[in-house]
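Analysis of the macromolecular model
Take a look at the letters that make up each chain.
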Amino acid sequence: MSRSNQRPTWRPGAAWIALVLAACAPATGTPATLGSTESALTASSSGVCQAILALPDAVAAQRAFINVAHQALHGLAADIRLDRPTSARVLETMQRVEADFSGAADAPSLGGDLAALRVATDSALRAIGEEVPACPQ
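Residues numbered from 1 in each chain as written. Predicted model: local features only at pLDDT ≥ 70, side-chain atom pairs only at ≥ 80, totals over all residues. Heavy atoms only, no water.

So, on to the overall build of the chain. Looking only at helices and strands, one finds 5 helices and 0 strands in the chain. Each helix and strand of the chain, placed in order from N terminus to C terminus, yields the pattern α-α-α-α-α. Split into buried and exposed, the 137 residues of the chain put 34% on the buried side. Considering only intrachain contacts with a sequence separation of at least 6, the fraction spanning at least 24 residues in the chain is 64%. As displayed, the chain has an accessible area near 8700 Å², and 59% of this comes from carbon and sulfur atoms. (Helix = DSSP H or I, 4+ residues; strand = E, 2+ residues; numbered from the N terminus. Buried < 20%, exposed > 50% of the residue type's maximum accessible area, 1.4 Å probe, protein only. Contact = heavy atoms within 4.5 Å. Areas by Shrake-Rupley, 256 points an atom, 1.4 Å probe, with all protein chains shown as cover.)

Structure (structure tokens):
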């Protein structure tokens, strides 16, 4: 009796596949996180701006980063119009900010890393022809 010809008997149904696809789909903006004229890509920049403006409160900065910018940054870096070096720069600076948040709440490099992420994000937006939102100081 050879087992190599046996196939698994369990097959996911359409409902299971729909559930998995829905769980993996990118989050969409809500009125609380995205302005009515703001695209998901420009949310990457405005979310980083919100995190910068929340400083020195690292908890509020992290909340703005996670709730507004994080998913949008991944979407920006994955945009097919973006060249690889620019995409990598966004991801690398985002990784530094994430490391700051996962470390000490008062990481001395957080402000500088968020500022570098804002520059990388705005540069990426300009490279693909998206409007860069203003960041009030």
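Relative to each other, helix α2 (residues 42–54) and helix α5 (residues 110–127) sit at 160 degrees, their axes nearing to 9 Å. The pairing of α2 with α5 is recorded here as roughly antiparallel in orientation. For the crossing formed where α2 meets α5, the hand is left-handed. Residues Thr42, Ser44, Ser45, Ser46, Val48, Cys49, Ala51 and Ile52 of α2 touch α5, and the partners they reach there are Leu114, Ala115, Leu117, Arg118, Thr121, Asp122 and Leu125. (Axes fitted to C-alpha atoms, helices over the stretch in contact; angles between N-to-C directions. Parallel < 35°, antiparallel > 145°, perpendicular 65-115°, else oblique. Left-handed = near helix turned anticlockwise from the far one by under 90°.)

Looking along the chain, the bond that leaves Leu55 and enters Pro56 is cis, with omega of 15 degrees. Assignment of secondary structure puts Pro56 in the loop between α2 and α3 (58–78).

Counting through the fold element by element, His74 comes out in helix α3. Separated by 33 residues in the primary sequence, His74 and Leu41 have C-alpha atoms spaced 9.2 Å apart. Setting aside anything within four residues of it in sequence, one finds His74 in contact with Leu91 and Met94.

Moving on to α3. Taking the largest bend as the criterion, α3 deviates by roughly 50 degrees, centred on Ala69. Among the residues of α3, Ala58, Ala60, Ala61, Ala64, Phe65, Val68, Ala69, Ala72, Leu73, Leu76 and Ala77 are the ones counted as buried. Buried positions along α3 lie against α2, α4 (84–102) and α5. (Bend = angle between axes of the 7 residues up to and from the residue.)

This next bit is on the packing of α4 against α5. Viewed as axis vectors pointing N to C, α4 and α5 meet at an angle of 155 degrees, and their least axial separation amounts to 9 Å. With respect to their mutual orientation, α4 and α5 come out roughly antiparallel. In terms of crossing hand, the pair formed by α4 and α5 is left-handed. The segment α4 lies against α5, with Thr86, Arg89, Val90, Thr93, Met94, Arg96, Val97, Asp100 and Phe101 engaging Leu110, Asp113, Leu114, Ala116, Leu117, Ala120, Thr121 and Ala124. Looking at the contact of α4 with α5 residue by residue, the class counts come to 10 nonpolar, 3 polar and 4 charged. (Nonpolar A, V, L, I, M, F, W, Y, C, P; charged D, E, K, R; others polar.)

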